[in-house]
Amino acid sequence: MKNLLIVIATLITLIVLSAGAMQSKQFVKSTSTTTSNSSHNLINKDKLTILSRVIVPNGFKRVNYAKGSFQEYLRNYKLKPFGSKIINYDGSQYFWQGGHIGILEIPVPINGLQQCADALIRIRSEYLWDNNRKDEIGFNFTSGDYCSWSNYAEGYRPKIKENKVTFSKTASADHSKANFYKYLNLIYMYSGTLSLFNELKSIDDSDLQLGDMLIKGGSPGHIVMICDEVINDKGDRLFLLFQGNTPAQNVHLVKNLEDSKITPWYQLKKDEIIPVSNYTFGSSKFVRFK
């Protein structure tokens, strides 16, 4: 009888221990699932615009902009399929593919001229062209001399001797799209981050909007453009950025490699150190196209 009681007690103990182990296993599994779900994935991999590719973080909403505005144009820019590589102007892959979540549908000329500032100049110029605002297309050379599409289309060309630039009519008038891209190639040659840094008005971080740019003027310098914006009830704002680069390559929507909780969204503050992809802005200045 005593032996029978020992056997029964042993069985009861094993059953209790087994049940406890099962509960412990289920708790660990549940905790693991909760942790996984708490890291919010803000990328829609099957979407093909900036607006649809990137999800708004919890507690935020997108800032509204007028239909037909440059801001809405940027937000709805088309993207290549998720996972597309950054390709250089010569057809080779860029050496580092770890900093982007989207490639913009903008061709890269094989001449190698369309680098970081040039890519943003092109996007701005194509918006003005597509919206019948061609007379607004124009940029300063690094020398400070203004070169407009309107004059170029009428046949005026720059003559550059040392640091002096003069314009004279040496070509027939040509308002075609093909000639427009020849004009942009000229701008790419004689403009850049330094000319934009000196030419464009500085913008305070409290007044940032889509189309504004974070810039470091120089040789080399760098520049990136704001392409989306969200805000919460406290007034906190987050932004998306895209960039061209050197060598000339695909324009790409960048990750936030410093903050995995909100990537690819960025907090942007004037005069702060802001790492963007594989470049760090040591002192942040924001500018806006005219």
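Right above here is the structure, for reference.
Below is a summary of the structure that appears in this document.

Conventions and cut-offs
Residues numbered from 1 in each chain as written. Predicted model: local features only at pLDDT ≥ 70, side-chain atom pairs only at ≥ 80, totals over all residues. Heavy atoms only, no water. Helix = DSSP H or I, 4+ residues; strand = E, 2+ residues; numbered from the N terminus. Buried < 20%, exposed > 50% of the residue type's maximum accessible area, 1.4 Å probe, protein only. Contact = heavy atoms within 4.5 Å. Core = buried A, V, L, I, M, F, W, Y, C linked by side-chain atoms within 4.5 Å. Pairing = 2+ DSSP bridges. Phe/Tyr/Trp six-rings, centres within 6.5 Å; stacked < 30°, edge-to-face > 60°. Lys NZ or Arg CZ within 6 Å of the ring centre and 35° of its normal. Salt bridge = Lys/Arg side-chain N within 4 Å of Asp/Glu carboxyl O.

**Topic: the overall build of the protein chain**
Line of reasoning, step 1. Across its full length, the protein chain holds seven helices and 14 strands.
Line of reasoning, step 2. Within the protein chain, the fraction of its 290 residues that count as buried is 43%.
Line of reasoning, step 3. Sequence-distant contacts in the protein chain: of pairs separated by 6 or more residues, those separated by 24 or more amount to 60%.

**Considering unusual backbone geometry**
Line of reasoning, step 1. Geometrically, the link from Thr246 to Pro247 is a cis peptide bond, its omega value of 0 degrees lying close to zero.
Line of reasoning, step 2. Inspection of the secondary structure assignment puts Pro247 in the loop between strand E10 (237-243) and strand E11 (252-254).
Line of reasoning, step 3. A positive phi angle is found at Asp271, which is not glycine, with a value near 65 degrees.
Line of reasoning, step 4. In this fold, Asp271 is placed in the loop between E11 and strand E12 (274-276).
Line of reasoning, step 5. On the basis of relative accessibility, which here comes to 54%, the residue Asp271 falls in the exposed class.

**Things to note about the nonpolar core**
It is characteristic of soluble globular proteins that their nonpolar side chains tend to be buried jointly.
Line of reasoning, step 1. Counting 51 residues, the largest nonpolar core has Ile123, Tyr183, Phe242 and Leu253 as the members making the most contacts within it.
Line of reasoning, step 2. Secondary structure elements with two or more residues in this core: helix H3 (70-75), helix H4 (116-130), helix H5 (149-153), helix H6 (177-190), strand E8 (213-216), strand E9 (222-232) and E10.
Line of reasoning, step 3. Tallying contributions element by element places H4 first for this core, with nine residues.
Line of reasoning, step 4. The contacts of Leu253, once residues within four sequence positions are left out, are Ile50, Val54, Leu79, Gly99, His100, Ile101, Gly102, Leu104, Cys227, Leu240, Leu241 and Phe242.

**A few points about the pairing of E10**
Line of reasoning, step 1. Burial analysis of E10 places six of its seven residues in the buried class, the great majority of the element.
Line of reasoning, step 2. Joining the antiparallel neighbours E9 and E10 is a turn of four residues, in which Gly235 adopts a positive phi near 90 degrees.
Line of reasoning, step 3. Sheet analysis places E10 next to E11, joined by two bridges and oriented antiparallel. By the bridge assignment for E11, Gln243 is matched with His252.

**Concerning the side chain of Glu72**
Line of reasoning, step 1. Take Glu72: it is sitting in helix H3.
Line of reasoning, step 2. For Glu72, a relative accessible area of 19% corresponds to the buried category.
Line of reasoning, step 3. Beyond its immediate stretch of four places on either side in the chain, Glu72 contacts Tyr65, Ala66 and Lys67.

**What about the packing of aromatic side chains?**
The description of an aromatic ring pair rests on the distance of the ring centres and on the angle between the ring planes.
Line of reasoning, step 1. As enumerated under the stated definition, the model contains 16 aromatic pairs in all.
Line of reasoning, step 2. Taking the centre distance of 4.9 Å and the plane angle of 70 degrees together, the rings of Tyr279 and Phe281 count as edge-to-face.
Line of reasoning, step 3. An aromatic cluster is built from Trp129, Trp149, Tyr152, Phe180, Tyr181 and Tyr183, whose rings are joined through pairwise contacts.
Line of reasoning, step 4. Here Arg124 stacks its cationic end above the ring of Phe70, 4.7 Å away from the centre of that ring.

**Side note on the pattern of salt bridges**
Line of reasoning, step 1. Under the counting rule described, the total for this entry stands at 10 salt bridges.
Line of reasoning, step 2. In this structure, Glu126 engages Arg122 in a salt bridge whose closest nitrogen and oxygen atoms are separated by 3.0 Å. Placement of the pair is Glu126 and Arg122 together in helix H4, with a separation of four residues, close to one helical turn. Summarising the burial analysis for this pair, Glu126 and Arg122 share the class buried.
Line of reasoning, step 3. A salt bridge links Arg288 to Asp207; the nearest nitrogen and oxygen atoms lie 3.6 Å apart. Of this pair, Arg288 sits in strand E14 (residues 285-288) while Asp207 sits in the loop between strand E7 (201-203) and E8, and the two are 81 residues apart along the sequence.
Line of reasoning, step 4. A residue is classified by how much of its surface remains accessible, and Asp207, at 42% relative accessible area, is partly exposed.

From the geometry alone we can't say anything about function, so treat these as descriptive.
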